[in-house]
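Residues per chain are reported as follows:
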Amino acid sequence: LLKREGVIIMVSCKNHIRILIVDDDFYLRKLVKAILSQAGFDTSVKDNGLNTYNFIIECNKSNTKIDFMIIDMNMPYLTGMELIKMNLNILILLII
């Protein structure tokens, strides 16, 4: 919210919020990405914990911020809980 000359202005910053969707279910990834993208969020998807970990490392190297993660608990290679325990400094928005 911004307040100028007594007027409160709602400011939307959805297009600057990046959400990482992590799930090994192709159709669920596609559905969640479509919903969030249509709502104006910047989204990325990964299909397992190991790919997610490597993607986050690359994002950190390139100073690309990931604001939130929607993460599946049961995935191959690294589970969602193992990723969470790594404390990657990303807010977990939803656990599925």
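None of these values were measured; they are calculated from a predicted model. (Residues numbered from 1 in each chain as written. Predicted model: local features only at pLDDT ≥ 70, side-chain atom pairs only at ≥ 80, totals over all residues. Heavy atoms only, no water.)

**Student:** What exactly am I supposed to notice about helix α1 (residues 26-38) here?
**Tutor:** An α-helical turn contains 3.6 residues, so any two residues separated by three or four positions project in the same direction. Taking 1.5 Å as the rise per residue, α1 with 13 residues should run 18 Å; its terminal C-alpha atoms sit 18 Å apart, in good agreement. For α1, every residue scored as buried is listed here: Arg29, Val32 and Leu36. On an axial view of α1, the arc spanned by its buried residues comes to 75°, and they lie on one face. Every exposed residue of α1 that faces more than 90 degrees away from the buried side is listed here: Tyr27, Lys30, Ile35 and Gln38. Packing partners of the buried residues in α1 comprise β3 (18-22), β4 (42-46) and β5 (68-71). (Helix = DSSP H or I, 4+ residues; strand = E, 2+ residues; numbered from the N terminus. Expected span 1.5 Å × (residues − 1). Buried < 20%, exposed > 50% of the residue type's maximum accessible area, 1.4 Å probe, protein only. Arc of directions from axis to C-beta. Contact = heavy atoms within 4.5 Å.)

**Student:** Sorry if this is basic, but what is going on with the confidence of the model for the protein chain here?
**Tutor:** Confidence in the prediction of the protein chain, expressed as mean pLDDT, is 82, and 84% of residues score 70 or more. Within the protein chain, the lowest mean pLDDT, 42, falls on strand β1 (residues 2-4), and the highest, 94, falls on β4. Residue range residues 1-12 is modelled with pLDDT below 50. Its contacts to residues more than four positions away, or to other chains, number eight contacts. (pLDDT = per-residue confidence, 0-100.)

**Student:** Could you clarify how one ought to interpret the sheet that holds β3 in this entry?
**Tutor:** By definition, the strands of a sheet pair up through backbone hydrogen bonds, in either a parallel or an antiparallel sense. Overall, parallel pairing links the four strands, which are arranged β4-β3-β5-β6 in an open sheet. Here the strands that pair on one side only, and so sit at the sheet edges, are β4 and β6 (91-95). Averaged over all neighbouring strand pairs, the angle between strand axes comes to 25°, with direction disregarded. As judged from the four bridges shared by β3 and β5, these two strands associate in the parallel manner. If you follow isoleucine 21 over to β5, its bridge partner there is isoleucine 70. (Pairing = 2+ DSSP bridges. Axes fitted to C-alpha atoms, helices over the stretch in contact; angles between N-to-C directions.)

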